[in-house]
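Here is how the chains run, residue by residue.
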2 protein chains.
Amino acid sequence: MSNPITFYFDFSSPYGYLASLKIDALAARHGRDVNWRPVLLGAVMKITGTAPLPNIPLKGDYARRDFLRSARLHGIDFRLPSVFPIASQAPARAFYWLDQTDPARARQLAAALYRAYFVDDVNISNPEDTVAVGAAFGLDADAVRAALNDTAVKDMVKGEVDAAIKLGVFGSPYVIVDGEPFWGMDRFDQIDQWLQTGGW
Amino acid sequence: MSNPITFYFDFSSPYGYLASLKIDALAARHGRDVNWRPVLLGAVMKITGTAPLPNIPLKGDYARRDFLRSARLHGIDFRLPSVFPIASQAPARAFYWLDQTDPARARQLAAALYRAYFVDDVNISNPEDTVAVGAAFGLDADAVRAALNDTAVKDMVKGEVDAAIKLGVFGSPYVIVDGEPFWGMDRFDQIDQWLQTGGW
């Protein structure tokens, strides 16, 4: 498949997690591949001046309820992690390190990291927890550990996040289809229509 | 019809406007009436510490694009007003004043005010513009003007907004169905399912 759509997500984002379980099938229905790109919403929030969703009065309470309700509606395993939200540098670095050589496997690693955080309550912001998820996934633990501390990998993540922000990415999930941006899992119906019709 | 669902909206909210053209039909499909309740998001934002959507870097640009795209998708007349966002005390006061004696007509007035702002580019934050919309709608201009300056009406609006905030309302549209809250027009599909099934 060619001409991929781009799927931006943060490893700390519940809606990103839910979307990650839907995006490939959505794209495949239209013969499209998906380019998975983790971002760091912490960096974005410095620009937008916004706070993490669960920390906002009124909205945070609603969000916690909506995460669970949306997961139930879609039949997706989900629990609110004990520590939430988290900084997501460690999983993002592991992803981009693997993505250099094997994008398909990096995507599977992302699924494993998301599942560890949102189902098994593993705090993947801890480098050693991300290393453990990688090792259980079949990667060499020492290699993952080295990647998390590699300046080149850190710079690569920063570059990816900067590039995403330049394209206007401010949330998770955020999908770009042929230049057209869609924010939120609740735009997936519109993405489906856009891919079908070419826009309106 | 009885056992209404409650529809909270701000007269300055594009998504509230779009939702106002859909909510009655959605409720009617399930034999339910709609209790229309304007709120003042300016008061809410003091609590949530958030800024008006169009003023947020990155997110504001996306929102302006999404308003138009969503309106086109739903086949709804919409233009971004010259002055946006606005304080919405004047239209909210006109609404609640009429709602005391004739809720059905107040709902029609709300539709006329929304249309004036989002189709005809009338700045309804100006009391005299809200008076003019009311007069064109068939109300007595002097009576509307007096209502906008009536301390009892002002207090009624404050009371309604305070009551909404106590229930957790932080956005527009915000719908409560049998105690269950739904934020955003993109939750209308879930509202439909909730009304159908009683929840999940």
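Residues numbered from 1 in each chain as written. Chains lettered and ligands numbered in written order. Predicted model: local features only at pLDDT ≥ 70, side-chain atom pairs only at ≥ 80, totals over all residues. Heavy atoms only, no water.

Let us now look at the interface of chain A and chain B. Facing 33 residues of chain A, the contacting portion of chain B comprises 33 residues. Interface of chain A and chain B: buried area, both sides summed, is about 3000 Å²; carbon and sulfur atoms make up 57% of it. The largest contributions to the chain A side of the interface with chain B come from Leu58, Tyr62 and Arg69 of chain A, which together make up 22% of the buried area. At the boundary of chain A with chain B, the tally comes to eight salt bridges. Of the charged contacts, one joins aspartate 186 of chain B and arginine 187 of chain A as a salt bridge, the two residues approaching to 3.1 Å between their closest N and O atoms. Seen at the junction of chain A and chain B, the total is 16 residue pairs in polar contact (both at pLDDT 80 or more). Within the residue set of the side of chain A that touches chain B, elements represented by two or more residues are helix 3 (41–48), helix 4 (59–74), strand 4 (180–183) and helix 10 (188–197) of chain A. (Contact = heavy atoms within 4.5 Å. Buried area = accessible area lost by both parts, 1.4 Å probe. Salt bridge = Lys/Arg side-chain N within 4 Å of Asp/Glu carboxyl O. Polar contact = N/O pair within 3.5 Å; in protein donor to acceptor, adjacent residues only side chain to side chain. Helix = DSSP H or I, 4+ residues; strand = E, 2+ residues; numbered from the N terminus.)

Bringing the pairing of strand 4 of chain A into the picture now. All names here are of chain A. With four bridges connecting them, strand 3 (residues 174–177) and strand 4 associate as antiparallel partners. Note that in strand 4 the partner of valine 175 across the bridge is phenylalanine 182. Here strand 3 hands over to strand 4 after two residues, with aspartate 178 in that stretch at a positive phi of 50 degrees. (Pairing = 2+ DSSP bridges.)

Take the pattern of salt bridges next. Counted according to the given criterion, the structure contains 32 salt bridges over all chains. Between aspartate 121 of chain A and arginine 79 of chain A there is a salt bridge whose closest N-O contact spans 3.6 Å. One end of the pair, aspartate 121 of chain A, is in the loop between helix 6 (103–118) and helix 7 (127–137); the other, arginine 79 of chain A, is in the loop between helix 4 and helix 5 (89–99), and 42 residues separate them in sequence. Arginine 79 of chain A sits in the partly exposed class, given a relative accessible area of 42%. Between arginine 145 of chain A and aspartate 142 of chain A there is a salt bridge whose closest N-O contact spans 2.7 Å. Of this pair, arginine 145 of chain A and aspartate 142 of chain A both sit in helix 8 (residues 141–148), three residues apart, roughly one helical turn. The exposure class assigned to aspartate 142 of chain A is exposed, which follows from its relative accessible area of 53%. Among the ionic contacts, a cluster of salt bridges with common partners joins Arg65, Asp66, Arg69 and Asp186 of chain A together with Glu180 and Arg187 of chain B. (Buried < 20%, exposed > 50% of the residue type's maximum accessible area, 1.4 Å probe, protein only.)

Right, let's talk about the packing of aromatic side chains for a bit. One pair of aromatic rings is described through two measures. These are the centre distance and the angle between the planes. Following the criterion strictly, the structure yields 48 aromatic pairs over all chains and no others. For the pair phenylalanine 9 of chain A and tyrosine 114 of chain A, a centre-to-centre distance of 5.6 Å together with 45 degrees between the ring planes defines the contact as tilted. With phenylalanine 9 of chain A in strand 1 (residues 5–9) and tyrosine 114 of chain A in helix 6, the pair connects residues that are 105 residues apart, well separated along the chain. Residue phenylalanine 9 of chain A shares its accessibility class with tyrosine 114 of chain A, and that shared class is buried. Both rings, one in phenylalanine 9 of chain B and one in phenylalanine 95 of chain B, keep their centres 6.4 Å apart while their planes meet at 90 degrees; by these two values the pair is edge-to-face. Taken together, the residues phenylalanine 9 of chain B in strand 1 (residues 5–9) and phenylalanine 95 of chain B in helix 5 (residues 89–99) connect sequence positions 86 residues apart. Residues phenylalanine 9 of chain B and phenylalanine 95 of chain B agree in their burial class; the two are buried. (Phe/Tyr/Trp six-rings, centres within 6.5 Å; stacked < 30°, edge-to-face > 60°.)

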